[in-house]
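Below are the chains, spelled out letter by letter.
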Amino acid sequence: MKFIHLTDTHFVPAPRRLYALDPRERLRLAIADINRRHADAAFAVITGDLAHFGEPDAYRDLKAELDQFSIPVHLAIGNHDSRTAFQAAFPEVPRNEDGFVQYVVETPVADCVILDSVMPRQDGGTLCAARLAWLDRVMAERADRDVWLFLHHSPLDIGIPCLDTIRLMNAEDLWLRVQRHGRVRHIFFGHVHRPISGVWRGIPFFTPPATAHQTELQYVERVLTPGTHEPPAYAVVLADAGSVVVHLHAYLDDSARFIMDYKSAESARTLEELAVAGPG
Ligand SMILES: [Fe+2]
């Protein structure tokens, strides 16, 4: 099974720009690339910070872009989002009985549990008692199923101080549920604006770069988060009952494509002398 993971689209209403970039164009190009290369994907998921300031018009513009997807898209919200404005623009996205953007997407391989870790007016995240109670119930119903968790905030320190202070603040509460269920196979999150993978207490995790601006790789304490225009990317996730493989694709990269044949490997002095690869 294949699905696509994108994150942190940070929409502002047209024609405004954000940190000298056009977040709408960057998502538009991602969707066009995904439609062209991955029409066979089961779905795409976007792990929050859909809009930068949470204005209704930003969600209106986001909806227009997402309508171009040839595959279904599942949405989570992040600290930059307004839950109210998001839900007004996307009434079709499920919410739980308490109004949080939490729902389950079943797949043949694992059940995707989408969590709402937004804490109003805070950059850090939380899962309050109501959201945890929902998670308890959902996981109890799926005791015999593998689960993938999707949320905006990182449940662990990733070594970048300005991000570690705004991670999921009550990660121990999430960990209790992960431990109790025993079949959480992967955690996918956003928020970080950098490609990072690893293992949290035995559970693999992954977060892709944003489709909008990125965070600079700095391990020093900073008052303000340093940003960069490093390339955006989306992830292609290939999964079956025994494996999850994550491919990161920098979809705006236009560097040379060529065939790695032995004939031209050393003889080619210019790109023109390499055999050109067909479209991928
Ligand atoms: Fe973000």
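In what follows, the structure referred to is the one given above.
As the structure is a prediction and not an experimental result, all values here were calculated from the model.

K.L.:
What's the story with the sheet that holds strand β2 (residues 43-47) in this structure? I'm lost.
P.N.:
Hydrogen bonds between backbone groups are what pair the strands of a sheet, and the pairing can be parallel or antiparallel. Spatially, 5 strands are ordered β3-β2-β1-β12-β13 in an open sheet, and the strand pairing comes out mixed. Every other strand in the sheet has two partners, leaving β3 (73-76) and β13 (243-249) as the edge strands with one partner each. Across the sheet, the mean angle separating the axes of adjacent strands is 20° when strand polarity is ignored. Pairing of strand β1 (residues 2-6) with strand β12 (residues 234-240), which is carried by 4 bridges, proceeds in the antiparallel orientation. The partner of lysine 2 across the bridge, within β12, is leucine 238.

K.L.:
Just checking my understanding: could you explain the coordination of the iron ion for this structure?
P.N.:
Octahedral metal centres with six donors ideally show angles of 90 or 180 degrees, and tetrahedral centres with four donors ideally show 109.5 degrees. The protein atoms that coordinate the iron ion are Asp8 (OD), His10 (NE2), Asp49 (OD) and His193 (NE2), at distances spanning 2.0 to 2.2 Å. For the iron ion, the 4 donor atoms are set out with angles of 86 to 178° between them, so the coordination reads as irregular. All donor residues of the iron ion come from one chain, and their arrangement in sequence is D-x1-H-x38-D-x143-H. Here the residue histidine 10 occupies a position in the loop between β1 and α1 (23-37), and aspartate 49 occupies one in the loop between β2 and α2 (56-66), the gap between them amounting to 39 residues. By relative accessible area, which is 2% here, aspartate 49 ends up buried.

K.L.:
Would you explain the side chain of histidine 213 in this entry?
P.N.:
On the secondary structure map, histidine 213 appears in the loop between β9 (203-207) and β10 (214-215). The class of histidine 213 is buried, set by a relative accessible area of 11%. With residues up to four places along the chain from it excluded, the contact list for histidine 213 reads His10, Leu18, Tyr19, Leu21, His193 and Thr228.

K.L.:
What's the story with helix α6 (residues 171-181) in this structure? I'm lost.
P.N.:
Think of an α-helix as turning once every 3.6 residues; residues three or four places apart then point the same way. The set of residues buried in α6 consists of Ala171, Leu174, Trp175, Arg177, Val178 and His181. For α6, the arc enclosing every buried residue in end-on projection is 160°, short of the 170-degree limit, so these residues lie on one face. For α6, the exposed residues set more than 90 degrees away from the buried face come down to Gln179 and Arg180. Buried residues along α6 sit against α4 (129-141), β6 (147-151), β7 (184-189), β8 (196-200) and β9. Positioned one or two residues after α6, glycine 182 has a phi angle of 80°, which is positive.

The rules behind these values
- Residues numbered from 1 in each chain as written.
- Predicted model: local features only at pLDDT ≥ 70, side-chain atom pairs only at ≥ 80, totals over all residues.
- Heavy atoms only, no water.
- Pairing = 2+ DSSP bridges.
- Helix = DSSP H or I, 4+ residues; strand = E, 2+ residues; numbered from the N terminus.
- Axes fitted to C-alpha atoms, helices over the stretch in contact; angles between N-to-C directions.
- Donors = N, O, S within 2.8 Å, 3.2 Å for Na, K, Ca; no water.
- Tetrahedral: all angles 85-135°; square planar, octahedral: opposite > 155°, others 65-115°.
- Buried < 20%, exposed > 50% of the residue type's maximum accessible area, 1.4 Å probe, protein only.
- Contact = heavy atoms within 4.5 Å.
- Arc of directions from axis to C-beta.

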